[in-house]
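An overview of the molecular structure
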Amino acid sequence: MTHYTKSACIRGKVLLLLALRYDLNPMIPNLELMAKAIQLSHESMNSLSGGPFAAIIVKDGEVISEGTNSVTAWNDPTAHAEIVAIRRACTKLQTFQLTGCDIYSTCEPCPMCLGAIYWARPKALYFAAERTDAAQAGFDDRFIYEQLTLPVHERTLPTMQTMREEAARVLKEWISKPDKREY
């Protein structure tokens, strides 16, 4: 463990003890798992397989999956660390929900990853660096957050709705489909 990691662990433990003392019902991160995720992000960055990001998914104290950013290695803009880890965890657990799992991410998730995390329904999310730290490193997703708040016709990506009624009919059929698998 590096000096930086040791000092971060000490700060985390001090904050946890204070929270416990004042009965703040804290989320309790596993600092060793976060340090492991940070180490994975460092290794991934140096292997040139993607950006400097990693995520670990844990259930009942067991590491279920790990993921590193593989965007450039896989030529896949969705291959962010959290997405990779979620896909691997769901495959291993044979489910589409991560009930009872914790996600450790080395950075505050981008809008895509945050959406996927909410859909996966884990118990908790812990992250290290903030999105402002990522932006300073050239990974600025602020424009996506801004775009999401705009009406469709004001977004920078030209977007046009078409065939709504036809698509809505399929959705209405889904409502009464007796053999659907809800999620």
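Scroll up for the structure.
Anyway, here's the lowdown on the structure attached to this text. (Residues numbered from 1 in each chain as written. Predicted model: local features only at pLDDT ≥ 70, side-chain atom pairs only at ≥ 80, totals over all residues. Heavy atoms only, no water.)

1. Comments concerning the pairing of strand β4 (residues 124-129)
With five bridges connecting them, strand β3 (residues 101-107) and β4 associate as parallel partners. What sits directly across from Ile103, in β4, is Leu125. Of the crossover connections in this fold, the one passing from β3 over helix α5 (residues 111-120) to the parallel β4 is right-handed. (Pairing = 2+ DSSP bridges. Helix = DSSP H or I, 4+ residues; strand = E, 2+ residues; numbered from the N terminus. Right-handed = clockwise from strand over helix to strand, strands pointing away.)

2. Considering unusual backbone geometry
Positioned with a positive phi, Leu48 is a non-glycine residue whose angle comes to about 60°. With respect to the helices and strands, Leu48 occurs in the loop between α2 (31-47) and β1 (54-59). Judged by relative accessible area, which is 72%, Leu48 ranks as exposed. We note that Asp60 has phi near 50°; this positive angle belongs to a residue other than glycine. Structurally, Asp60 can be placed in the loop between β1 and β2 (62-68). (Buried < 20%, exposed > 50% of the residue type's maximum accessible area, 1.4 Å probe, protein only.)

Any functional reading would require information beyond the geometric quantities listed.
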